[in-house]
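The lines below spell out each chain.
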Amino acid sequence: MSTTGGLMNESSGLSRPAGPWMRHALELAHRAAAEGEVPVGAVVVKDGEVVGEGWNRVIGLNDPSAHAEILALRSAGERLGNYRLPGCSLYVTLEPCMMCAGAMIHARLDRVVYGADDPKTGAAGGKFDLLDNPAHNHAPAVEGGCLASECSVLLKDFFRQRR
């Protein structure tokens, strides 16, 4: 399976490349940047349809858990009427942190696709590998590097402007 936008498997209900979903997540990341938040966006997809989305809102909501992934999972859970999200894939512009990876495991996502690597705090293999840990009773398939350059440039530009 390609990590740069290859076709998703049938179990996730997707039949189109990952790139368009990641582009949607990038649009949400731009919204976060416009609000002064770290530019990360996330989209949850089931059966080829967006069922949840979020962008970083930690500052605006005064909530340390308001990461893009958490907000997208909450949105999907509300829409689908279940905290478990089997058959869903999550696309996020930055490798998930430990908190978000834990929520993804508990949500029982089928797949996690991320853009930019996070070698300092990433929990999908960058610094830690929580998503593929045999101690857990569920492990989503993980693909990194989808539109990685675009995701990385957005983050680097944001932090460069803040310095």
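The rules behind these values
Residues numbered from 1 in each chain as written. Predicted model: local features only at pLDDT ≥ 70, side-chain atom pairs only at ≥ 80, totals over all residues. Heavy atoms only, no water. Helix = DSSP H or I, 4+ residues; strand = E, 2+ residues; numbered from the N terminus. Buried < 20%, exposed > 50% of the residue type's maximum accessible area, 1.4 Å probe, protein only. Contact = heavy atoms within 4.5 Å. Areas by Shrake-Rupley, 256 points an atom, 1.4 Å probe, with all protein chains shown as cover. Lys, Arg positive; Asp, Glu negative; His and termini not counted. Charge placed at Lys NZ, Arg CZ, Asp CG, Glu CD. Axes fitted to C-alpha atoms, helices over the stretch in contact; angles between N-to-C directions. Parallel < 35°, antiparallel > 145°, perpendicular 65-115°, else oblique. Left-handed = near helix turned anticlockwise from the far one by under 90°. Nonpolar A, V, L, I, M, F, W, Y, C, P; charged D, E, K, R; others polar.

### Quick look at the overall build of the chain
Step number 1: When helices and strands are tallied, the chain shows five helices and five strands.
Step number 2: Walking the chain from its N terminus toward its C terminus, one meets helices and strands in the order α-β-β-α-α-β-α-β-β-α.
Step number 3: Based on the C-alpha atoms only, the size of the chain along its principal axes is roughly 45 × 30 × 30 Å.
Step number 4: Counting every position in the chain, which comprises 163 residues, the buried fraction comes to 48%.
Step number 5: Partitioning the contacts of the chain with sequence separation of at least 6, the portion at a separation of at least 24 is 58%.
Step number 6: Here the chain has roughly 7800 Å² of accessible surface; of this, 52% comes from carbon and sulfur atoms.
Step number 7: For the chain, the separation between the mean place of its 16 positive charges and that of its 19 negative charges on side chains is 4 Å.

### A look at unusual backbone geometry
Peptide bonds are trans in most cases, and residues, glycine excluded, mostly fall at negative phi.
Step number 1: The backbone of Asp47 sits at a positive phi, close to 50°, despite the residue not being glycine.
Step number 2: On the secondary structure map, Asp47 appears in the loop between β1 (41-46) and β2 (49-55).
Step number 3: With relative accessibility at 58%, the residue Asp47 sits in the exposed group.

### Overview of the packing of helix α3 (residues 68-80) against helix α4 (residues 98-107)
Step number 1: One can describe the packing of α3 onto α4 by two numbers: an axis separation of 9 Å at closest approach and a directional angle of 25°. With respect to each other, α3 and α4 are oriented roughly parallel. The two elements α3 and α4 cross, and the hand of that crossing is left-handed. Residue-level inspection shows Glu69, Ile70 and Leu73 of α3 in contact with α4, the latter providing Met99, Cys100, Ala103, Met104 and Ala107.
Step number 2: Grouping the amino acids of the contact of α3 with α4 by side-chain chemistry returns seven nonpolar, no polar and one charged.

That's the geometry; what it means functionally is another story.
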